[in-house]
Amino acid sequence: RRLYIGTIEGLAAFRRTNPGGGVPQWEYLGKFEETVTAEVRDVYPMEDGSVWVNGFTSGLFHIVSKDGGPVSPDKPHEVRLYDEDDGLVDGGSAVIELFDELYFGGLDTCYRFDEETGKFNPIPDFESVRGLGGQIYAIPYSKDTFILNLQGLASFVTKGDDGSYILDPTPFSAFRAQ
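Residues numbered from 1 in each chain as written. Predicted model: local features only at pLDDT ≥ 70, side-chain atom pairs only at ≥ 80, totals over all residues. Heavy atoms only, no water.

Draft legend 1. Quick look at the sheet that holds strand S7 (residues 77-82). Here we have four strands laid out as an open sheet, ordered S4-S5-S6-S7, and antiparallel in their pairing. Of all the strands in the sheet, the pair left with one neighbour each is strand S4 (40-45) and S7. Strand after strand, the sheet turns through a mean of 20° between neighbouring axes, direction not considered. Of the strand pairs in this sheet, strand S6 (residues 59-65) and S7 are connected by six bridges, and their pairing is antiparallel. Bridge pairing in S7 places phenylalanine 61 opposite leucine 81. (Pairing = 2+ DSSP bridges. Helix = DSSP H or I, 4+ residues; strand = E, 2+ residues; numbered from the N terminus. Axes fitted to C-alpha atoms, helices over the stretch in contact; angles between N-to-C directions.)

Draft legend 2. The layout of surface pockets, seen in detail. Each pocket or cavity is described by its volume, and for the largest pocket that value is around 270 Å³. Met46, Trp52, Leu102, Phe113 and Glu115 are the residues nearest the centre of the largest pocket, which is lined by twelve residues in total. Of all the secondary structure elements, the ones that give two or more residues to the lining of the largest pocket are strand S9 (101-105) and strand S10 (110-114). Looking at which element gives the most residues to the lining of the largest pocket, the answer is S9, with three residues. Of the residues contributing to the lining of the largest pocket, the split by class is five nonpolar, two polar and five charged. (1 Å grid on protein atoms, 1.4 Å probe; cavity = no way out; pocket = protein on both sides within 12 Å on 5 of 7 lines; lining within 4 Å. Points joined across faces, edges and corners; volume = space filled by probe spheres on them. Nonpolar A, V, L, I, M, F, W, Y, C, P; charged D, E, K, R; others polar.)

Draft legend 3. The side chain of serine 65, seen in detail. As for its position among the elements, serine 65 is in strand S6. Within the structure, serine 65 has its side chain in polar contact with the backbone oxygen of glycine 68 (distance 3.0 Å). Sequence-distant contacts of serine 65, that is, excluding residues within four places in its chain, are made with Pro70, Val71, Pro76 and His77. (Polar contact = N/O pair within 3.5 Å; in protein donor to acceptor, adjacent residues only side chain to side chain. Contact = heavy atoms within 4.5 Å.)

Draft legend 4. Examining the packing of aromatic side chains more closely. Counted under the stated rule, the structure contains eight aromatic pairs. For the pair tryptophan 52 and phenylalanine 113, a centre-to-centre distance of 5.5 Å together with 70° between the ring planes defines the contact as edge-to-face. Note that tryptophan 52 is positioned in strand S5 (residues 51-55) and phenylalanine 113 in strand S10, a separation of 61 residues in sequence. Assigned by exposure class, tryptophan 52 and phenylalanine 113 land together as buried. Considering the side-chain rings of tyrosine 82 and phenylalanine 120, the 5.3 Å spacing of their centres and the 80° angle between planes classify their relative orientation as edge-to-face. Of this pair, tyrosine 82 sits in strand S7 while phenylalanine 120 sits in strand S11 (residues 119-122), and the two are 38 residues apart along the sequence. Assigned by exposure class, tyrosine 82 and phenylalanine 120 land together as buried. Here the aromatic cluster, defined as three or more aromatic residues joined through ring pairs, consists of Trp52, Tyr82, Phe113 and Phe120. (Phe/Tyr/Trp six-rings, centres within 6.5 Å; stacked < 30°, edge-to-face > 60°. Buried < 20%, exposed > 50% of the residue type's maximum accessible area, 1.4 Å probe, protein only.)

This is the structure we're talking about:
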């Protein structure tokens, strides 16, 4: 098992060890030098052992182990950088999970990754939040509702019966205590 920590100097990995059955310890495995070398905003480990990493302005990285299992800087792995050429309109994207699916929140919109083409596609239902100039982050609210955190705006998101997304934008000022 691995623990990934995003720092202002990149992505680091640790492994939990239990030497001789004693007190568990965290062993530092190193940094992923070929990924984000500046501030890491999001780290999202996947069930298959790969990791998505968002650098503040450097794009979105996907790290995959060459021998299976969790990625580690001290073992063979591949790093793929996704950017504007892959459909992301801005330099970085937050990795978010909505409704048991993986999405990527960029400036003013959310994307879904198409594994067949290797491209990111904007989700049309999120067009109503375009132009706000803010990075999208998701906060779980309930089983079927998320709050998208935008610059000065919270947008409650629910999934419609037809699979579309319904956004209800609310200014943050509405949440202030009276």
